[in-house]
Amino acid sequence: MNRFATSRLLIRPLEPGDAAGLFAYRSDPAVVRYQMWRPKDPREVRVFIRAQHGLAPGIPGVWFQFAIVELDSGALIGDSGLHVPLDHPDSIEIGLTLRTEAQGKGFATEALTALVDFCFRTLHVRLIHARIHPENARAIALIERGGFSRLATRRDDDLHFTLRRGHWERKQTS
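Residues numbered from 1 in each chain as written. Predicted model: local features only at pLDDT ≥ 70, side-chain atom pairs only at ≥ 80, totals over all residues. Heavy atoms only, no water.

S.K.: Just checking my understanding: could you explain the nonpolar core for this structure?
M.R.: Here is a general trend for soluble globular proteins: nonpolar side chains tend to be buried in one another's company. Counting residues in hydrophobic clusters, the biggest one holds 34 residues, and the most contacted among them are Phe 66, Ile 94, Val 116, Ile 128, Phe 148 and Phe 161. Secondary-structure elements contributing two or more residues to this core are strand S2 (9-13), strand S3 (63-70), strand S4 (76-83), strand S5 (91-98), helix H4 (107-121), strand S6 (127-132), helix H5 (137-145) and strand S8 (159-164). With 9 residues, H4 is the single largest residue contributor to this core. Grouped together as the second largest cluster of nonpolar side chains are 13 residues, Leu 10, Tyr 25, Val 31 and Ala 67 included. (Core = buried A, V, L, I, M, F, W, Y, C linked by side-chain atoms within 4.5 Å. Buried < 20%, exposed > 50% of the residue type's maximum accessible area, 1.4 Å probe, protein only. Helix = DSSP H or I, 4+ residues; strand = E, 2+ residues; numbered from the N terminus.)

S.K.: Is there a simple way to think about the sheet that holds S4 in this case?
M.R.: Picture the strands of a sheet paired through backbone hydrogen bonds; they go either parallel or antiparallel. Spatially, 8 strands are ordered S1-S2-S3-S4-S5-S6-S8-S7 in an open sheet, and the strand pairing comes out mixed. Single-partner strands in this sheet number two, and they are strand S1 (4-5) and strand S7 (149-150). Bridge analysis of S4 against S5 gives 6 bridges, and the strand direction is antiparallel. When the bridges of S5 are listed, Leu 82 appears paired with Ile 94. (Pairing = 2+ DSSP bridges.)

S.K.: Teacher, can you tell me more about the pairing of S2 here?
M.R.: Look at any regular strand and the pattern is simple: side chains alternate between the two faces of the sheet. Of all the 5 residues making up S2, 4 are buried; the element is thus mostly covered by neighbouring parts of the structure. Adjacent in sequence and paired antiparallel, S1 and S2 are bridged by 3 residues. Here S2 pairs with S3 via 5 bridges, running antiparallel. Directly across from Arg 12, in S3, lies its bridge partner Ala 67.

S.K.: Looking at this model, I keep getting lost on unusual backbone geometry. Mind explaining?
M.R.: Residues apart from glycine generally show negative phi values, whereas peptide bonds are mostly found in trans. At His 124, a residue that is not glycine, the phi angle is positive and equals roughly 60 degrees. As for its placement among the helices and strands, His 124 is situated in the loop between H4 and S6. Residue classification places His 124 among the exposed positions, given a relative accessible area of 56%.

S.K.: Any chance you could explain the environment of Tyr 25 here in plain terms?
M.R.: Tracing the backbone through its elements, the reader meets Tyr 25 in helix H1 (residues 19-26). Residue Tyr 25 is classed as buried on the basis of its relative accessible area of 4%. Taking the C-alpha atoms as reference points, Tyr 25 and Glu 101, 76 residues apart in sequence, are found 9.6 Å from one another. Residue contacts for Tyr 25: discarding those within four places in its chain leaves Val 31, Val 32, Leu 76, Ile 77, Gly 78, Asp 79, Thr 97 and Arg 99. (Contact = heavy atoms within 4.5 Å.)

S.K.: What is the right way to look at the side chain of Gln 52 in this model?
M.R.: Tracing the backbone shows Gln 52 in helix H3 (residues 42-52). Sequence-distant contacts of Gln 52, defined by excluding residues within four places in its chain, comprise Trp 63, Phe 64 and Gln 65.

S.K.: Looking at this structure, how should I read the environment of Gly 146?
M.R.: Of note, Gly 146 is situated in the loop between H5 and S7. Distance in space between the C-alpha atoms of Gly 146 and Gly 81 is 16 Å, their sequence separation being 65 residues. Setting aside residues no more than four positions away along its own chain, Gly 146 makes contact with Leu 112, Leu 163 and Lys 171.

S.K.: Explanation requested: the pattern of salt bridges in the structure shown.
M.R.: Opposite charge on two side chains permits pairing when their charged atoms draw close. Scanning the entire structure with this criterion turns up 11 salt bridges. A salt bridge links Lys 40 to Glu 44; the nearest nitrogen and oxygen atoms lie 3.7 Å apart. Here Lys 40 falls in the exposed class, since its relative accessible area comes to 67%. For Arg 150, the salt bridge identified is with Glu 144, shortest N-O distance 3.3 Å. (Salt bridge = Lys/Arg side-chain N within 4 Å of Asp/Glu carboxyl O.)

So, in structure tokens, the structure goes:
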């Protein structure tokens, strides 16, 4: 089950037809100023999508990228990456990117909620981790609304946040 829906979104693996849309917003300076992946041309995106074919989320050491599609329009509005570290196979790192026109409409909150649910219920991880550039105030607010806690230490230039399964489960029953 690598595709799931919310009331307004379909979250599914990337497909070859996503390449142009993905490149368009991943080359927008306003979108990628805090992003780690900035493809240099459409070919790089096509190669990336082909490399994702046959992968599944939760494979240790591999970034798996989901497409985030608006159900009403069928438009690709963003993507989300999941990465299980080799040295911590019971945890997962999450990243989320939305094109400019999709921001500020609650899509990020809706996608994050669904992805967290997927990670805990389907992938059975015990911890979800997020790294965010300290100037990315909107992403920090999103992840904190999602129940993540900021770690006191910084191992690099990013802020680090975690959400533990037990904390998430308690929020689900309250």
